[in-house]
Amino acid sequence: MKQLTVISGKGGTGKTSLVGAFAALAENKVLADCDVDASDLHLLLQPEVNVKEDFKALETAVINEGKCIKCGVCMEKCRFNAIKDFKVNLLSCEGCGVCTIVCPVSAVSMHDKVAGESFISETRFGPLCHARLQPGEEASGKLVTVVRNKAKEIAKEKNSDLIIIDGSPGIGCPVIASIGGVDQVLVVTEPTMSGLHDLERILGVVAHFKVSAVVCINKYDINPEKADEIEEYCKEQGVRVVGKIPYDVSFTKAMIEGKTIIEHASEGVSGIIKDVWSNVLEVLKDG
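Scoring rules and cut-offs
Within every chain, residues take consecutive numbers counted from 1 along the sequence as written. Since the coordinates come from a predicted model, pLDDT governs what is reported: local features require at least 70, and pairs of side-chain atoms require 80 or more to be given and counted, while whole-chain, interface and lining totals use all residues. The basis for every side-chain value is the complete set of non-hydrogen atoms in the structure, without hydrogens or water. When a carboxyl oxygen of Asp or Glu lies within 4 Å of a side-chain nitrogen of Lys or Arg, that pair is called a salt bridge. To qualify as a helix, a DSSP run of H or I must reach at least 4 residues; to qualify as a strand, a run of E must reach at least 2; elements of each kind are numbered from the N terminus. For every residue, the accessible area obtained with a 1.4 Å probe (protein chains only) is divided by the maximum for its type, and the residue is called buried under 20%, exposed over 50%, and partly exposed between those limits. Any pair of nitrogen or oxygen atoms within 3.5 Å is treated as a polar contact; in protein, a donor-acceptor pairing is required on top of that, and neighbouring residues in sequence qualify only through side-chain atoms on both sides. Only Phe, Tyr and Trp rings are paired, with Trp represented by its six-membered ring, and only when their centres lie within 6.5 Å; those with planes under 30 degrees apart are stacked, over 60 edge-to-face, the remainder tilted. Pairs of strands are assigned from DSSP output, requiring at least two bridges between the strands. The axes are straight lines fitted to the C-alpha atoms, using for helices just the contacting stretch, and the angles between their N-to-C directions are given from 0 to 180°. The contact criterion used is simple: two residues touch if any of their non-hydrogen atoms lie within 4.5 Å. Helix span is expected to be 1.5 Å times the residue number reduced by one. Nonpolar cores are built from buried Ala, Val, Leu, Ile, Met, Phe, Trp, Tyr and Cys residues. Side-chain atoms within 4.5 Å join them into one set.

A. Here's a closer look at the pattern of salt bridges. Counted according to the given criterion, the structure contains 12 salt bridges. The partner of Lys226 in a salt bridge is Glu229, with the nearest N and O atoms 3.0 Å apart. Of this pair, Lys226 and Glu229 both sit in helix H8 (residues 224-237), separated by three residues, roughly a single helical turn. For Glu229, a relative accessible area of 40% corresponds to the partly exposed category. Taking the shortest distance from any N to any O, the salt bridge between Lys259 and Glu257 comes out at 3.8 Å. Put simply, Lys10, Glu190 and Lys219 are held in one network by salt bridges that share partners.

B. Local environment of the environment of Arg240. Mapped onto the elements of the fold, Arg240 is located in strand E13 (residues 240-245). Judged by its relative accessible area of 35%, Arg240 falls in the partly exposed class. For the pair Arg240 and Asn279, spaced 39 residues apart in sequence, the C-alpha to C-alpha distance is 9.8 Å. Here Asn279 takes part through its side chain, which lies 3.5 Å from a polar atom of the side chain of Arg240.

C. Expanded view of the packing of aromatic side chains. Summed over the entire model, instances satisfying the criterion amount to one aromatic pair. Ring plane angle 35 degrees and centroid distance 4.6 Å describe the contact between Phe22 and Trp277, whose orientation is recorded as tilted. Of the two residues, Phe22 is situated in helix H1 (residues 15-25) and Trp277 in helix H11 (residues 269-286); the sequence distance between them amounts to 255 residues. Residues Phe22 and Trp277 agree in their burial class; the two are buried.

D. Focus on the sheet that holds E13. In spatial order, the strands read E3-E8-E9-E2-E10-E1-E11-E12-E13; together these nine strands make up an open sheet with mixed pairing. Every other strand in the sheet has two partners, leaving strand E3 (48-56) and E13 as the edge strands with one partner each. Taking each pair of neighbouring strands and ignoring which way they run, the sheet shows an average axis angle of 20 degrees. Contacts from H1 reach strand E1 (2-8), strand E2 (29-33), strand E10 (162-169), strand E11 (184-189), strand E12 (213-218) and E13, with the element oriented near 170 degrees to E10. On top of the sheet, helix H7 (residues 193-208) reaches E1, E11 and E12; it is set at about 170 degrees to E11, its chief contact.

E. Examining unusual backbone geometry more closely. Of note, the phi angle at Asn159 is positive, near 55 degrees, even though the residue is not glycine. Looking at the secondary structure, you find Asn159 in the loop between helix H5 (140-158) and E10. Despite not being glycine, Lys219 has its phi angle at roughly 55 degrees, a positive value. Structurally, Lys219 is set in the loop between E12 and H8.

F. Focus on the environment of Ala155. Of note, Ala155 is situated in helix H5. As for Ala155 and Met1, which are separated by 154 residues in sequence, their C-alpha atoms are 7.9 Å apart. With near-sequence residues (within four places) excluded, Ala155 lies in contact with Met1, Val30, Ser160 and Ile163.

G. Inspection of H5 at higher detail. For H5, built from 19 residues, the straight-helix expectation of 27 Å at 1.5 Å per residue is met to within 8% by its first-to-last C-alpha distance of 27 Å. Those residues of H5 lying buried are Ser140, Gly141, Leu143, Val144, Val147, Arg148, Lys150, Ala151, Ile154 and Ala155. Of the residues trailing H5, Asn159 is marked for its positive phi of about 55 degrees.

H. Just the nonpolar core, in detail. The biggest cluster of nonpolar side chains holds 40 residues, and the ones touching the most others in it are Ile7, Val185, Val187, Leu199, Leu203 and Val215. Those residues within four positions of Val187 in sequence are excluded, and the remaining contacts are Ile7, Ser8, Leu199, Ile202, Leu203, Val214, Val215 and Cys216. In this structure, Leu18, Leu128, Val188 and Ile262 belong to the second largest nonpolar core, which totals 33 residues.

Printed below as a string of structure tokens:
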């Protein structure tokens, strides 16, 4: 069983549209949307949720008003200023537990906090594991791990050949949790100055974790000179460019229809994406 993660240095590069296309093209696979802060693969795949579970991240403090003597020690010692008027602000509490230690009457205790939900769903292209992190919550990397583990379990049950992971943009914790231990990373970039800068950063992260990477340049024709510069940079780094996709309004039309680009149009840009997918499969097979 192989694992492919599709990521980008920034949002808006077309990463999820490409994952949706791969979902339509790939066989015997499981899909995982690990962009838990802003998941949107479900908008294309329209999943039917079969299993929903609460995601509990860090513990937070709770004050028992019946036991509290209002001495103020917990407020004084809380370095995050999460306790005001002897009540805990759950958004500010970091779960360090200092308040439980300093309270002279043991009026403070730590409790699990529901920070989001994880889902196992069925789509027209097969199983999808995805999640939703509540606004302002942390531990996104932990939730990504939950999604990936569920995808692995399903892949083993169904004897699937491949897990396709839609990762987060950037280089933060959810990205690291999305690429660790996978067989191949596909970085989607665009021909802009910031696109090249972000590509350099994300390739550095991927190299640090010793994962093989390939690159796809989306909307390459909006700035051919910068696209050539990205290609040259990838060549210097020994990173293969598996395809260059032109700007095409068909992507937007497909999204409006709730379809992947492959379903929306069988020719044109879809043919180019099919070539990209063939190149990715070739790299996966060789790896």
